[in-house]
Structures are given as C-alpha cells and as structure tokens.
Amino acid sequence: AHSHEWWRGILLPRTVVLGIMRQVCIVPSGAQQWMREVFAAGGGRFAYVSTLAIYIYRLRGFVLEKILVGHDRMITAITWSPHDARLLASASSDHMVKVWDVDTETPIAEIKGLGFSPSLLRWTLTDSLSLLMVHEGRLHLLDIRDPRKQGVTLLKNFASSSKINSISLCPRDRTKVAVGLEDHNVHVLQMAKNASSKIALGSPVVEVAWDPRSENYLLVAQKDGKISLYDTEAKEAKEVSVFARHSGGLRALAWVPEIPGGFVTVSERNGVIRMWNVSQNAPTELLKTGKDGFHHILFVSSDVALCGFKDGMVAVYNMGRKQVEWSTEGGHTETIFDCGFKSTDPNVLATASYDSTVRLWDIRNATCISKLTGSTGVLYSLSWSPDGTLMA
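Below you will find a few notes about this structure. Throughout, residues of each chain are indexed from 1 in the direction in which the sequence is written. pLDDT decides what is reported in this predicted model: residues at 70 or higher carry local features, side-chain atom pairs at 80 or more are listed and counted, and totals for whole chains, interfaces and linings draw on all residues regardless. Values shown for side chains rest on all heavy atoms present in the structure; no hydrogens or waters enter the calculation.

Bringing the pairing of strand β7 (residues 53–58) into the picture now. Here the term buried applies to any residue with accessible area under 20% of the maximum for its type, exposed to any over 50%, and partly exposed to those in between, with areas from a 1.4 Å probe on protein chains only. A run of H or I in DSSP becomes a helix once it reaches four residues, and a run of E becomes a strand once it reaches two; helices and strands are each numbered from the N terminus. By the criterion of burial, β7 is predominantly enclosed, with five of the six residues buried. Note: two strands are recorded as paired if DSSP finds a minimum of 2 bridges between them. As paired strands, strand β6 (residues 45–49) and β7 are joined by five bridges and run antiparallel to one another. Across the sheet, residue Val 49 finds its bridge partner in β7, namely Ile 54. A loop of three residues connects β6 with β7, the two strands running antiparallel in sequence. Examined bridge by bridge, β7 and strand β8 (residues 63–69) share six bridges and lie antiparallel to one another.

Next comes the structure, spelled out in structure tokens:
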C-alpha cells in the first residue's frame, strides 16, 4: 500500500503465504479531473496525477516505474524540470510545493506555508532552481533554494477578480512569459524588464502557447472555439492568422515539435485530435483515438503525445503511426469506498467510488470490463444480488 493513496487504485489480489500478504497486481488510479496541469514529461518518462499520488511511467515500454506519495491534500499541479531530468515539482492544496528526485523517490525541497494553493507550475528557463507559480490572477516566482516563504516573490497581479488559465514560457526568449486569463485577456510579460503588454479578446482564454521556432509568434485558444496566431514583436500584438472556429468544447492545444508550424487541438466533447498548420485555415487531418472527451494533451517526444481523457484514462498516441500505442484501464478518479466480488463469478470485482461510478474488473488480467454510470452522487457502498444479475 502507498500511504493515503492505496484505496484510490486497486490492489489485486493478494496471496497469503505464512500469514504474509503479497501484492501481485496493481491497477493505478485514473488521472484526476479537478485540476488541469496534472500531466508532465521529461527524461524519457511521463507522469500523471491522481488525487494524492504521482504515477511515473517509463516512455520505453510504458512501464509503471514509480509512485510518488507525500502530499496530504489534493495535488494541484506538476511540472518536469527542463534543466535536470531527475527533478519533478508538485503543488498541493495544503499550500505546499515539493521538488522530487524521481530516481530516489524522495523530495529534495519542501516549501510550506505558501498561503495559497498553486494551480499552475512552470520551471523558469533562466534559473534551474526557480519555479513560476500561479494562484488566481497572480504570478509568483519561487526560489527553491530558500525553503521558507521568503523565497516567494510576487511578479505581477494580472487580475484581482479573475484567474489565470494558462501560462507559456518562450523557448527562444527565455525571459518572456505569456499569460492567458479568464477575463478575456492575454498578457505578455518580459520578466527581465518587468514590462508587460496586453491583448484584449472576446472570450476566456483556454490556452496560450509560444511557437517553439519563434521569439514572437503566440497561439491563443479561446473558450468560444476561436484560435488565433499573434505576432507579439511590436508593442501592440498583431493578429496574423485566424483559424476555422473549433466546433465546441475546446480543451487544449499544443505545438507539434517535429512539424514546423504544426499544432494540435482537442475537445472535451470527443476523442479526436485535430491536426493544423499555420499555413492553412482549416484542420489538415482528424485523428481518432477511440476514447472519450479530452482533459489535456502534451507532447512527450517529437511525434508522441500524452493524452488525458475525461474518464480518467491516460493514453500515448503516436502521430506518425496514427495510433494509440498504450493506455491505462481508466481507473477511478476518486476514492474507492466499497468493493465486492460477484456472487456467481469470483473473477469479477465491483468497485464503488466518490467519482459516482461503479466499475467491474476481471481480476485475472486486471482489466476494466464495464463502467456503470448514471449516479449523480457519491457511491459509498454496493451489494450484488444472489444470482449476480443485479447490484444495489
């Protein structure tokens, strides 16, 4: 068992040998749905977050390598260091940030008493031991060399009555940060000069992303489905391209590392990856994952994307081969309160969860064979009928 997290996934089954329980199988939790930034990648690994644990997978072979547990309250964001592939930072709702050495599975820094719960984290590109943190409409800088609250600096309060939905650090100009807000504005902050400019929009910002090959081009996705490319070189940013409006439920976008001008968008309403190029107004290709609506997407290598879905499932999609190469079973995204073996089949286990679903598992191969939905509240218990045809 892994501290507080053991009941969120499923440990199946255990063999009793001379009175000692031995774990022979684990079904990891699904990716949590409360927060946006619960996926990260670096150093040939990728990670996703349940409520209280960080699941680390090796990209080669898609092997669950480690489970990091240490937060007592919900994890709100993670980010992998671009400077040191061993380091992963996590934030939680107990006003704490931890920096983990993934190899040793231990925190090398713990910053407590922040006074707020960061919703977004990013390593700065100019200092390997500094992090950007977002809380509501404020952007903070954290120096992890100072474990006390004194290591936190408020860079800018962009909005007192709104919140920041997305931030992006420019890889070509490492002191430039784009900040997208719920209040329909994008701010471009020059950290070295402590100067910023604003782009006024017509809808809340879903995501901002710098072109990895440019110092000035910025993609902006809005909640109403509008996607635009801006040139930020001048004092007033210029909208240089407007793409076909997304059909609805626009959830995220990401540049494709190996394709100049290529980017993807995903929707919370379906499992389709829309492929775009800045040279064309409409999508160039629609790639079907066969999964439910998206929660997030990011690239873990030049043509491989990590996909998170609304049902908690996590998948790796190969853009070149146009196929899902691996996926989780989509475990519960919240606490499991009860479980019970089917009356007529000892190989089928049912689990009831805070996430309002019941899932049926084949314990012989640890796969989810059915997901029962329709409940609108927390499911605290379950019971099979004697003939195994009904469940209460």
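Back to the write-up after that little detour.
A few words now on the pattern of salt bridges. Should their charged atoms come close, side chains of opposite charge can pair. We count a salt bridge whenever a side-chain nitrogen from Lys or Arg sits within 4 Å of a carboxyl oxygen from Asp or Glu. In the structure shown here, the tally under the stated rule is 20 salt bridges. Notably, a salt bridge pairs Lys 226 with Glu 239, separated by 3.3 Å at the nearest N-O pair. Pair noted here: Lys 226 is in the loop between β22 (217–222) and β23 (227–231) and Glu 239 is in strand β24 (residues 238–243), with a separation of 13 residues, a long-range link. In this structure, a network of salt bridges that share partners links the residues Arg 36, Glu 37, Arg 122 and Glu 207.

We now examine the sheet that holds strand β16 (residues 152–157). Reading across from one edge, β13-β14-β15-β16 is the order of the four strands in this open sheet, with antiparallel pairing throughout. Strands with a single pairing partner mark the edges of an open sheet, and in this sheet they are β13 (120–123) and β16. Along the sheet, successive strands turn relative to each other by an average axial angle of 25°, direction set aside. Inspection of the sheet shows strand β14 (residues 130–135) paired to strand β15 (residues 138–143) by six bridges, in the antiparallel sense. Along β15, the bridge assignment pairs Ser 130 with Asp 143. Fitting a line to C-alpha atoms yields each axis, with helices limited to the stretch in contact; the angle taken between N-to-C directions then spans 0 to 180 degrees.

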